[in-house]
Amino acid sequence: MFQNNPLLAQLKQQIEASKEYVEGSVKSSDKSYGFLECEKESFFIPPQEMKKVMHGDKVRAVVKREGDKAQVEIDSLLEPMLERFIAQVKFNKDGKLQLAVDHPSIKNLIPANTQKKVTEQLAENDWVVAQLKTHPLRDDRFFFAQVTQFICKADDNFAPWWVTLARHEQPREPVKSEPSYELRDELDRQDLTSLYFTTIDSPSTQDMDDALFIEPISENGTQTGWRLVVAIADPTAYIPETSNIEKAARQRCFTNYLPGFNIPMLPRELSDERCSLVPNEKRPALVAYIETDLAGNMLNEAKFISAWVESKAKLAYHKVSDYLEQTENAWQPENPEVKQQIDWLHQFTLARIEWRNKNALLFKEQGDYTFELNEDGSVRDIHIEYRRIANQMIEESMILANICAAQYLQNHAKTGVFNTHSGFDAKNLEAAKTFLLDTLATDENRAELAERYSAERLATLEGYCEMRRDIEQFGENFLEMRLRRYLTFAEFKAECAPHLGLGISHYATWTSPIRKYGDMVNHRLIKQTLLNQPTCTVDESILARLQEARKQNRLVERDIADWLYARYLAPMVEKNVEFDGEIHDVSRGGLRVKVLENGASIFVPFSTIHPNKDEMQYNPEQIALFINGEKAYQIGQAVRVKLKEVSVATRSVVGELIS
């Protein structure tokens, strides 16, 4: 009798209209309760309601207020935290399968079964990929998942690699090789095997993309410049655009360089053997002739040709650097030709470094941290490696070659895979200007700097480079690190645009086609122009996949490193080891300190810094912690930190500051 009662329907509408709804993310606690983190307020979630949700779920909830207290009743699921996820196998006392999610804040053990395609016999703590199948807020009674992929056994020492690759859906095997490879040449190849090409690389490198030959340019017996001949491996000569190898390379986009080994973009038969510019072997190459004056200025457009080359020597970075830096008992070139090539390339490099110092931007030396592994994957040591002169010789040659490729593609193909960077994010230009003025300006020069650092000028290549050179005069890392927060990300574009991070007006890489799919695309475009064939604008889907793959590879590298650091540092906790470090981040919960000697990231909770949390204020604009109104710690500040706690399971490293 009440089914169609208009008064009852009206009452229901009034009740519904009076409810206070909020949307937010669930944050679990160490107890059975949790919190709903909304945009402006945080609400208590009682234990009974927490049974319906999981940490990270985005939900809609009804607020229940009693006086000055408020809690929520979960209404509906907006977005689950889990769909596809990584987990470790567990079994309850009845032997039924459960999954422990690989996430530090998710404590739920989820009942599960396995897909038929998963044939491995699962054991306690084995690593798997799973899919969430049911959720209490999807009209289901409980959480339930299904194992869709076996990753590795619990005792596999290489679990950090296999689990991380599975998490980011990256392949762990090289591309499948073809039974045979045929050289498909449309261009006539010039024979340049008589030129004394050399390679300089790490001793263990197998996939050698580039070889160099250099000679002076002279007029009337006087040297006027340099002729650099850059030979780049030519894998596209073996790979049809419709082949499976091409499709796989387009999906992978990059060779994945991981601690201990790499996962190549191409089959190893191509990357490490048939295409690699190994010494004393004739190889197909795409070659650029580049001419500069003695000051490093380019004299004309680079000339590209298809050729045969033969590297005469494989040289090692550290040996060439020892020779040029005249270290004690240094390696010496094995013959006059090698010595001449090294010496000439060294002179050329010094000119190009000076050119970039005046006309572009030089990289600030940071050093790269390298894991030295034992055969079982355990970390023996962590080294910091700096770019020495031999590294700079190759770096400067490749940068120049990529500048030339961008010019050539712009002039002849009207498209390409261009590496671009617009500097500061457009929405941060005014904030960057304000920060620069507040930090660098005095009463006397404020008006001048306001024009120099105007938003319009900072958005230009000239203005950005000018600003970067200004801040290099200050020794404080705070300037560099604070400005970094205003930057946008580098992008791949099909049309030429400046790369402000390099201080270059046009840049397109083609020097690593064994390792980068975008370089393969640029090779094909250069070849098409040499054949006078029409070119098509690079497809946006290629650019989008390159962007996505670059991000994925960086996440893989970071996650594996976090795991290895935890393994490496865990035995040091009992020894109360202390490190010199630098604050790399300040957040609401604490400081993030980078250890200078090994690159590890240590979290320092605010609770260990000052006993009264009400007297501490986090300032996100200055990326600093204030105590009683005084700035105590800020990004870029040097500190000393003691290791306090390491969890390999959650890959977390916690420390405390040493006064």
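Quick look at the structure, then. These numbers come from a predicted model, not from an experiment. (Residues numbered from 1 in each chain as written. Predicted model: local features only at pLDDT ≥ 70, side-chain atom pairs only at ≥ 80, totals over all residues. Heavy atoms only, no water.)

Right, let's get into the overall build of the protein chain. When you go through the protein chain residue by residue, the secondary structure sums to 15 helices and 30 strands. Over its C-alpha atoms, taken along the principal directions, the protein chain stretches across nearly 105 × 70 × 60 Å. When burial is assessed residue by residue, the protein chain has 49% of its 659 residues classed as buried. Sequence-distant contacts, at least 24 apart, represent 65% of the contacts inside the protein chain between residues at least 6 apart. Carbon and sulfur atoms make up 46% of the accessible area of the protein chain, which totals about 33400 Å². For the protein chain, the centre of its 80 positive side-chain charges and the centre of its 100 negative side-chain charges are spaced 5 Å apart. (Helix = DSSP H or I, 4+ residues; strand = E, 2+ residues; numbered from the N terminus. Buried < 20%, exposed > 50% of the residue type's maximum accessible area, 1.4 Å probe, protein only. Contact = heavy atoms within 4.5 Å. Areas by Shrake-Rupley, 256 points an atom, 1.4 Å probe, with all protein chains shown as cover. Lys, Arg positive; Asp, Glu negative; His and termini not counted. Charge placed at Lys NZ, Arg CZ, Asp CG, Glu CD.)

What follows concerns the packing of aromatic side chains. A complete count under the given rule lists 16 aromatic pairs for this structure. Pairing Phe424 with Tyr464 gives two aromatic rings, centres 5.5 Å apart and planes at 70 degrees, and the pair type is edge-to-face. Of this pair, Phe424 sits in the loop between strand S21 (418-420) and helix H9 (429-440) while Tyr464 is found in helix H12 (residues 461-471), placing the two residues 40 residues apart along the sequence. A relative accessible area of 2% means that Tyr464 is categorised as buried. Considering the side-chain rings of Phe435 and Tyr486, the 6.3 Å spacing of their centres and the 55 degrees angle between planes classify their relative orientation as tilted. Of this pair, Phe435 sits in helix H9 while Tyr486 sits in the loop between helix H13 (477-484) and strand S22 (491-493), placing them 51 residues apart in sequence. (Phe/Tyr/Trp six-rings, centres within 6.5 Å; stacked < 30°, edge-to-face > 60°.)

What follows is about the pattern of salt bridges. Tallied over the full model, the rule gives 41 salt bridges. Note that Lys52 and Glu49 form a salt bridge whose closest N and O atoms lie 3.1 Å from each other. By relative accessible area, Glu49 is classed as buried at 10%. Where Glu621 meets Arg482, a salt bridge forms, and the shortest distance between an N and an O atom there is 3.3 Å. Separated by 139 residues along the polypeptide, Glu621 in the loop between strand S26 (616-619) and strand S27 (624-627) and Arg482 in helix H13 bring together distant segments of the chain. With a relative accessible area of 45%, Glu621 lands in the partly exposed category. Its relative accessible area of 4% is what places Arg482 among the buried residues. The network of salt bridges with common partners includes Arg452, Arg457, Glu462, Glu466 and Asp470. (Salt bridge = Lys/Arg side-chain N within 4 Å of Asp/Glu carboxyl O.)

On to the side chain of Gln170, then. On the secondary structure map, Gln170 appears in the loop between helix H3 (159-167) and strand S11 (190-191). At 2.9 Å, the side chain of Gln170 forms a polar contact with the side chain of Gln552. Ignoring anything within four residues of it in the chain, the contact list for Gln170 reads Leu165, Asn256, Arg545, Gln552, Asn553 and Val556. (Polar contact = N/O pair within 3.5 Å; in protein donor to acceptor, adjacent residues only side chain to side chain.)

Side chains Phe43 and Ile45 of strand S3 (residues 42-45) all project onto a buried face; the interleaved residues Ser42 and Phe44 project onto a face where none is buried. Examined bridge by bridge, strand S2 (residues 34-37) and S3 share four bridges and lie antiparallel to one another. For Gly34, the partnering residue across the bridge sits in S3 and is Ile45. Where S2 folds back onto S3 in an antiparallel hairpin, the turn is made up of four residues. (Pairing = 2+ DSSP bridges.)

Another point: unusual backbone geometry. For Asn329, which is not a glycine, the phi torsion comes out positive at approximately 55 degrees. Taking relative accessible area as the criterion, Asn329 reaches 76% and is therefore assigned exposed. The phi dihedral of Asn576 is positive, around 55 degrees, even though this residue is not glycine. Locating Asn576 in the fold gives a position in the loop between helix H15 (540-569) and strand S23 (578-586). On the basis of relative accessibility, which here comes to 42%, the residue Asn576 falls in the partly exposed class.

Turning our attention to the pairing of strand S8 (residues 109-114). Where strand S7 (residues 97-101) and S8 come together, three bridges link them in antiparallel fashion. Within S8, the residue paired with Leu99 across the bridge is Ile110. Pairing of S8 with strand S10 (residues 144-152), which is carried by three bridges, proceeds in the parallel orientation. Paired with Asn113 across the strands is Gln146, a residue of S10.

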